[in-house]
There are 2 protein chains.
Amino acid sequence: MIINVPENSDFSIHNIPFGIFSTKNRSKRAGVAIGEHILDLAEVHKLGVFNFEAEVLNRADLNDFIALGKSVTSEVRTNIQHWLQDDNSPLANKSELFVKQAEAQMHLPVCIGDYTDFYSSIEHATNVGKMFRDPENALLPNWKHIPVGYHGRASSIVVSGKAIHRPKGQTLPKNSSEPVFGPSQRLDFELEMGFVVGKNTNMGDTISTNQANDYIFGLVLFNDWSARDIQKWEYVPLGPFLAKNFASSISPWIVTLDALEPFKVAGPKQEPKVLPYLAYEGEKNYDINLEVAINDTKVCQSNFKYMYWNMAQQLAHHTVNGCNVHIGDMMASGTISGKNENSYGSMLELAWMGTKPVQLNDGTERKFINDGDTVTMTGYAEKDGKRVGFGEVSTKVLPAK
Amino acid sequence: MIINVPENSDFSIHNIPFGIFSTKNRSKRAGVAIGEHILDLAEVHKLGVFNFEAEVLNRADLNDFIALGKSVTSEVRTNIQHWLQDDNSPLANKSELFVKQAEAQMHLPVCIGDYTDFYSSIEHATNVGKMFRDPENALLPNWKHIPVGYHGRASSIVVSGKAIHRPKGQTLPKNSSEPVFGPSQRLDFELEMGFVVGKNTNMGDTISTNQANDYIFGLVLFNDWSARDIQKWEYVPLGPFLAKNFASSISPWIVTLDALEPFKVAGPKQEPKVLPYLAYEGEKNYDINLEVAINDTKVCQSNFKYMYWNMAQQLAHHTVNGCNVHIGDMMASGTISGKNENSYGSMLELAWMGTKPVQLNDGTERKFINDGDTVTMTGYAEKDGKRVGFGEVSTKVLPAK
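Residue and element names in this part refer to chain A. The domain boundaries assigned to chain A delineate domain 1 (18-107) and domain 2 (115-398). Distance from the C-alpha centre of domain 1 to the C-alpha centre of domain 2: 30 Å. The interface is formed by 18 residues belonging to domain 1 together with 17 residues belonging to domain 2. Of the roughly 1400 Å² buried between domain 1 and domain 2, counting both surfaces, carbon and sulfur atoms make up 66%. For the interface between domain 1 and domain 2, the tally reads zero salt bridges. Taken together, the links from domain 1 to domain 2 amount to five residue pairs in polar contact (both at pLDDT 80 or more). Elements that contribute at least two residues to the side of domain 1 that touches domain 2 include exactly strand 1 (18-22), strand 2 (29-34), helix 2 (63-66), helix 3 (70-84) and strand 5 (105-107). Counting residues per element, the side of domain 1 that touches domain 2 draws most heavily on helix 3, at four residues. By residue class, the composition of the side of domain 1 that touches domain 2 is nine nonpolar, seven polar and two charged.

Written out as structure tokens, the structure is:
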């Protein structure tokens, strides 16, 4: 290795995720994370090792790089893997190629055109159904037939490290028919993963579950911030709006599907059988360990493999009506909850609507998220000594403005 | 006048709407419609009459032009009004400045970042509530407190003239619990107007109802295509998704708020009183006559003035939680229905769920939209001999792919 990578680093030689960074002396540009460093791809380009225009690496987002296609971007990744391990590689002894992550600022990795949020964990949908609707019929009739999703707000997706303000809005007090206005009293996180679309389609085109991997560039951690009290009052009949669109937070490094290939696993059995356009072959879930901490207290331990609907099914469903997708579109999974109570991916579920407050290490307890709290989500896959991680999405909550 | 404008033209000297056009010899660029012509703003710029870079007029969208701010764009509009009426103006006797609309192709006028659809007609919400829920309690409890809205798909918004395909998707047959897959059997239009955001905000910022006009560049006609059978099966609990995101169609010319100023009228009385952040002063509705035709048969005659919630309230609500908006964002009104049965803005209402088929001039009847049908929406305001129109959004429906 031409650069030191600490043991257990999320950004091992097996990962090589892409992101956009800047430093005091370097404008926004593309890089890959390796250990505690960033390899500056714009600088690497100057060595003449790439067969594409330097421009695509000197942009404020990765969209044009991704548009080169997987034949190019996958080769860039595997070349970097070889070069980093070869003491005689073009990258050797060139310290100007590397920047310490601690000295860099990370930015949104892509320009997000449209953002879609799914609702694909059966445990989460069941928990929410029990709380808000009917405990005996927690899942709505369409849930096992459709990877239910809805459109979210792209403009307010921010990168890890960017603090957010508690939203204000209308809520309906208990036993009242008159709404009141004020800061949300039930601010919540939702532990999700998001995938970044890697290839355009035209209106009218569909993507089959078999083709889906070609259209997925990679994944990030995704915190779908939610104001439960605003959501409850506003969401019928057209779905969540102000309860969600004030902010969503993502981790800065896009981990490619290539890097996640070794961690594929089978998903849950789908019964009843899905319609043919949602049927799929092979393993389409991913074994990715996920954790959520409030300040220094771990409150949730979940796994992406629990998802009932996989990304290939989400993309096939999203396009089956001819809806077009663009490079940089973000598609989030929905809250990732498991069967165990400590695997629930939201405070709504962990504290069960406030009836079971969560204890923090400092002796305080939480039903929802307080002002000043920092919520941090981390995730990694590990197998046969290979670790591929996502870093973190960490966000501090400031008081309402 | 230095160019002939037919009487009753939508594009009178009082209008001067902005759009993006191209011809065989001219790449995509900004123009304004005047009578049956387009004034090529990139060519006008060459005369040295504008105090900003030519570049913003030579783009594939108006976003950078709009970003110059209303102090600039409003002056451009009023200058053009003066020049067109002055035989000694810089534009006189310069035929290269004008293109016949018949010889130009129109494009989407803006790059749309996020698209929001509201649900702001009380008549439409009541009609839908009667049909799908409870005739006695047609309006949901939140409706008179919140300008209900949801996020839609920006990528599939297309301009007038672009044909669309009937979407395919899941629907639930009557008296069955198993969904089936196929072309929608209940394809519908929704008569709406959309406004284009003209000024950015940052996350955390709010826009008051008093400030809203500064953030609205102008309006277009908007057809929110809807597949009612897909919608019915998918929309609980997170709202419409595939039933809407296959396509929305807009008219190509953005009519500015300046041009619509003379047509302001009072909106309906809002009872119960709204929360303070939704209260507003002055007249915020607009008297704009709207029509829908299927092929050559007029099927609906409505008016934008019927809206219960106005655009200022929509924008104040959208941002009250700190959600940021960007130049080019599109916000649609929701279906514009009036009190009379012929003013209903969708086939769902006009044919009352298929129970009252609509007769067309060719002797056929429609419950919903057939393959091969062309749906055309038109709109204009008129007062004291001044006419300001929107042209049309006209879309042919092709069979499912």
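Let's pick the thread back up.
What follows is about the relation of the copies chain B and chain A. With an RMSD of 0.0 Å, the fit of chain B onto chain A corresponds to turning through 180 degrees and sliding 0.0 Å along the axis. The transformation relating the two chain copies, once decomposed into turn and shift, fits a two-fold axis. The rotation axis passes nearest to the C-alpha of B:Gly239 in chain B, at a distance of 2.1 Å. Comparing interface residues between copies, 98% of those in chain B also lie at the interface in chain A; the contact surface is shared.

Right, let's talk about the nonpolar core for a bit. Judged by nonpolar contacts, the single largest core of 156 residues is most densely connected at A:Phe189, A:Leu219, A:Phe304, B:Phe189, B:Leu219 and B:Phe304. Apart from residues lying up to four places away in sequence, B:Phe304 is in contact with B:Met193, B:Leu219, B:Asn285, B:Tyr286, B:Ile288, B:Leu290, B:Met311, B:Ser333 and B:Ile336.

Residue and element names in this part refer to chain A. Tracing the backbone through its elements, the reader meets Glu234 in helix 5 (residues 228-234). Buried within the structure, Glu234 lacks any salt-bridge partner; its nearest side chain of opposite charge belongs to Lys244, at an N-O separation of 8.8 Å. Side-chain polar atoms of Glu234 contact the backbone nitrogen of Phe241, separated by 2.6 Å.

Residue and element names in this part refer to chain B. Reading across from one edge, 9-26-25-20-21 is the order of the five strands in this open sheet, with mixed pairing throughout. Here the strands that pair on one side only, and so sit at the sheet edges, are strand 9 (164-165) and strand 21 (297-303). The sheet contact formed by strand 20 (residues 289-294) and strand 25 (residues 374-383) spans six bridges and is antiparallel. In the sheet register, Ala293 faces strand 25, and the bridge partner there is Thr376.

With that out of the way, let us pick up the interface of chain B and chain A. Counting residues at the interface gives 59 residues for chain B and 58 residues for chain A. Where chain B abuts chain A, roughly 5400 Å² becomes buried across the two surfaces, and 62% of that area is made up of carbon and sulfur atoms. When the buried surface of chain B facing chain A is broken down by residue, B:Arg153, B:Leu238 and B:Phe241 rank first, second and third, together holding 15% of it. On the surface where chain B and chain A come into contact, there are six salt bridges. Between B:Asp329 and A:Arg153 there is a salt bridge; the shortest N-O distance is 2.6 Å. Counting across the chain B and chain A interface gives 26 residue pairs in polar contact (both at pLDDT 80 or more). Going through the elements one at a time, strand 6 (115-118), strand 7 (149-152), strand 10 (168-171), strand 11 (180-183), helix 5 (228-234) and helix 7 (311-319) of chain B are the ones with two or more residues in the side of chain B that touches chain A. Ranked by residue count, the leading element in the side of chain B that touches chain A is strand 7 of chain B, at four residues. In the side of chain B that touches chain A, the residues fall into 31 nonpolar, 19 polar and nine charged.

With that settled, consider the environment of A:Asn51. Residues and elements named next belong to chain A. Take Asn51: it is sitting in the loop between helix 1 (41-45) and helix 2. With a relative accessible area of 82%, Asn51 lands in the exposed category. When the C-alpha atoms of Asn51 and Glu341 are compared, they prove to be 51 Å apart, with 290 residues separating the residues in sequence.

Our next topic: the confidence of the model for chain A. Of all residues in chain A, 100% attain a pLDDT of 70 or more, and the chain-wide mean is 97. Among the scores for the predicted complex, ipTM is 0.97 and pTM is 0.98.

Residues and elements named next belong to chain B. Counting buried positions along strand 2 (residues 29-34) yields six of six residues, so the element is predominantly enclosed. Both faces of strand 2 are covered, namely the face carrying Arg29, Gly31 and Ala33 and the face carrying Ala30, Val32 and Ile34. As defined by bridge partners, strand 1 (residues 18-22) adjoins strand 2 across four bridges and the pair is classed as antiparallel. Across the sheet, residue Phe21 finds its bridge partner in strand 2, namely Arg29. Linking two consecutive strands that pair antiparallel, namely strand 1 and strand 2, is a turn of six residues. As defined by bridge partners, strand 2 adjoins strand 3 (residues 37-40) across four bridges and the pair is classed as antiparallel. When the bridges of strand 3 are listed, Ala33 appears paired with Ile38. Two successive antiparallel strands, strand 2 and strand 3, enclose a turn made up of two residues, where Gly35 displays a positive phi of approximately 55 degrees.

The rules behind these values
Residues numbered from 1 in each chain as written. Chains lettered and ligands numbered in written order. Predicted model: local features only at pLDDT ≥ 70, side-chain atom pairs only at ≥ 80, totals over all residues. Heavy atoms only, no water. Domains from an automatic or database assignment. Contact = heavy atoms within 4.5 Å. Buried area = accessible area lost by both parts, 1.4 Å probe. Salt bridge = Lys/Arg side-chain N within 4 Å of Asp/Glu carboxyl O. Polar contact = N/O pair within 3.5 Å; in protein donor to acceptor, adjacent residues only side chain to side chain. Helix = DSSP H or I, 4+ residues; strand = E, 2+ residues; numbered from the N terminus. Nonpolar A, V, L, I, M, F, W, Y, C, P; charged D, E, K, R; others polar. Least-squares fit on C-alpha atoms with pLDDT ≥ 70 in both. Core = buried A, V, L, I, M, F, W, Y, C linked by side-chain atoms within 4.5 Å. Buried < 20%, exposed > 50% of the residue type's maximum accessible area, 1.4 Å probe, protein only. Lys, Arg positive; Asp, Glu negative; His and termini not counted. Pairing = 2+ DSSP bridges. pLDDT = per-residue confidence, 0-100.

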